[in-house]
Amino acid sequence: MPNYFSASLLILTIIVLPTRAQDFKINHIGPNINKPWGMDFISENEVIVTEKSGNLFRINITNGEYIKVSNTPKVSSRMQGGLLDIIFDDYRVYLCYSKDTSNGRITAIDRAFLGHDKLNNLDTIFESNTPGWTDVHFGCRLEISNKKLYATLGERGNRFNAQDTQKHAGSVIRLNLDGSIPNDNPKLQDWAPEIYSMGHRNPQGMAINPVTGEIWTHEHGPQGGDEINIIVPGDNYGWPEVSYGFEYGTENKVSKYNTLEGFNDPEWVWLPSIAPSGMAFYPSKDMTGNMFPELNKTLLVGSLKFRRLYVVELNNAGLPKSESVLIDGSIGRVRDVAVAKDGSILLLNDESSTNNPKGGLYRLSR
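In this text, all values refer to a predicted model and were calculated from it rather than measured experimentally. (Residues numbered from 1 in each chain as written. Predicted model: local features only at pLDDT ≥ 70, side-chain atom pairs only at ≥ 80, totals over all residues. Heavy atoms only, no water.)

**Thoughts on the overall build of the protein chain**
Within the protein chain, the regular secondary structure consists of one helix and 24 strands. A compact globule built from 366 residues should have a C-alpha radius of gyration of about 21 Å, and the protein chain, at 19 Å, falls within 12% of that. Oriented by its inertia axes, the alpha-carbon framework of the protein chain measures out at about 55 × 50 × 40 Å. When the 366 residues of the protein chain are sorted by exposure, 59% land in the buried category. The long-range share in the protein chain, meaning contacts at least 24 apart out of those at least 6 apart in sequence, stands at 59%. Total accessible area computed for the protein chain in this model is approximately 14900 Å², and 47% of it derives from carbon and sulfur atoms. One way to put it: in the protein chain the 36 positive side-chain charges average out to a point 4 Å from where the 42 negative ones average out. (Helix = DSSP H or I, 4+ residues; strand = E, 2+ residues; numbered from the N terminus. Rg over C-alpha atoms; globule rule 2.2 N^0.38 Å. Buried < 20%, exposed > 50% of the residue type's maximum accessible area, 1.4 Å probe, protein only. Contact = heavy atoms within 4.5 Å. Areas by Shrake-Rupley, 256 points an atom, 1.4 Å probe, with all protein chains shown as cover. Lys, Arg positive; Asp, Glu negative; His and termini not counted. Charge placed at Lys NZ, Arg CZ, Asp CG, Glu CD.)

**Re the nonpolar core**
One finds Tyr282, Leu300, Leu309, Leu326, Ile345, Leu347 and Leu364 to be the most contacted residues of the largest nonpolar core, which totals 20 residues. Here this core gets three residues from one element, more than from any other, and that element is strand 22 (residues 334-339). Residue contacts for tyrosine 282: discarding those within four places in its chain leaves Met287, Asn290, Met291, Phe292, Leu295, Asn296, Lys297, Thr298, Leu300, Val339, Gly343 and Ile345. Ranked by size, the runner-up nonpolar core spans 18 residues in total, among them Leu142, Ile144, Leu175 and Leu177. (Core = buried A, V, L, I, M, F, W, Y, C linked by side-chain atoms within 4.5 Å.)

**Side note on the pattern of salt bridges**
Side chains that differ in sign of charge can pair as their charged atoms come close. Summed over all chains, the structure comprises 19 salt bridges. Between aspartate 336 and arginine 141 there is a salt bridge whose closest N-O contact spans 3.4 Å. Within this pair, whereas aspartate 336 is found in strand 22, its partner arginine 141 is found in strand 10 (residues 139-145), the two being separated by 195 residues in sequence. The pair formed by aspartate 336 and arginine 141 is uniform in burial state, with each residue classed as buried. Arginine 159 is the salt-bridge partner of glutamate 247, the closest N and O atoms lying 2.9 Å from each other. (Salt bridge = Lys/Arg side-chain N within 4 Å of Asp/Glu carboxyl O.)

**A few points about unusual backbone geometry**
A cis amide bond links tryptophan 239 with the next residue in sequence, proline 240, at an omega value of 0°. In this chain, leucine 271 is followed by proline 272 through a cis amide linkage whose omega measures 0°. Within the fold, proline 272 resides in the loop between strand 17 (268-270) and strand 18 (276-282). Here the phi dihedral of lysine 35 falls at roughly 60°; this positive angle occurs in a residue that is not glycine. Mapped onto the secondary structure, lysine 35 falls in the loop between strand 1 (25-29) and strand 2 (36-43). When its relative accessible area of 38% is taken as the criterion, lysine 35 is described as partly exposed.

**Details of the state of the cysteines**
Summed over all chains, the structure comprises one disulfide. A sulfur-sulfur separation of 2.0 Å characterises the disulfide bridge that pairs cysteine 96 with cysteine 140. Between cysteine 96 and cysteine 140 the disulfide shows an S-S torsion of about -85°. By sign, it is left-handed. With cysteine 96 in strand 7 (residues 92-101) and cysteine 140 in strand 10, this residue pair connects regions lying 44 residues apart in the sequence. For cysteine 140, a relative accessible area of 0% translates into the label buried. (Disulfide = S-S within 2.5 Å.)

**Remarks on the packing of aromatic side chains**
If you walk through the whole model with that rule in mind, you get six aromatic pairs. With 5.1 Å between their ring centres and 80° between their planes, tryptophan 216 and phenylalanine 281 make a pair best called edge-to-face. Separated by 65 residues along the polypeptide, tryptophan 216 in strand 15 (residues 215-219) and phenylalanine 281 in strand 18 bring together distant segments of the chain. Judged by its relative accessible area of 0%, tryptophan 216 is buried. Take phenylalanine 281: its relative accessible area is 6%, and that puts it in the buried class. Ring centres 6.4 Å apart and planes at 65° place the aromatic pair tryptophan 270 and tyrosine 310 in the edge-to-face group. Taken together, the positions of tryptophan 270 in strand 17 and tyrosine 310 in strand 20 (residues 308-314) put the pair 40 residues apart, joining distant regions of the chain. According to the relative accessible area criterion, tryptophan 270 is buried, its value standing at 1%. Members of the aromatic cluster, joined through ring pairs, are Phe24, Tyr282 and Phe292. Over the ring of phenylalanine 306 we find arginine 308, and its NZ or CZ is 5.0 Å from the ring centre. (Phe/Tyr/Trp six-rings, centres within 6.5 Å; stacked < 30°, edge-to-face > 60°. Lys NZ or Arg CZ within 6 Å of the ring centre and 35° of its normal.)

Structure representation (structure tokens):
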């Protein structure tokens, strides 16, 4: 069974949640960015950052110098949609974004070669089969492991999509790097062949466990019930048949079940919701420095709602056991989290740079 805070302790939970000692520096690096969403390292000292409106920036994390990258895909930047996550692998970038079609907006993934300040040979390698006119719940986190591309897809605001085995919405998909379907995908009866797991609401965090190689995700619940899950190929994570969440504006639970045979239980549940976005293990698999040794064996999770960076401690079995707060409101909404090679921590504050000059990339260091 997952760890979670009971509904009767909501106020107490907010008051007593421990905050770690803050003996570190927080620096805003590079340009003000209007609602940045995703980032990845392209070298030890340089990251590439998406702006939801469709822009893309290369930023040097040591001196703040930046270049705007051209030839980005045309995106549908409305509400939660736009140019969302990005991942870099072997001189190629993969971009997840919302796209207009004649039947509605879809989630798409493009691949391109990064040539200094331009995307070259831009090619769409995936388009979801669940168009809709809503502009919410795109998911869109990306990871690459063992030359396979993983992407989270939200259920687009229609909860019933998540239990439709033919629809990409509400799933984690797995592709070869050219967009073709891996031979060892689950391919269960009636499942769309790209689907790796299903029953997800709006997963906006994904990370590869550097010790086990497992795919970890987190997803938004409605008014409570945010989850951390360890993804097992071919399994169903329950939304909306199983949920700790409550219907918006009411005290009615989405489901009368917190756990149910046939559905995977989450490893961690937040009540109340923190609106999680972005996640990274500490230490990361590429880390050579150890700037924050007290964070070893933890998971770092951003919070949009509380403008925090959460530290989820892992037990000896490698599962979540407790949490604390490292950053509490000082930089704004935390959209994405990454760990640099030297052990410093990068965060994206996705607030509007027009109304709040804090929007952009931050580095936590000592």
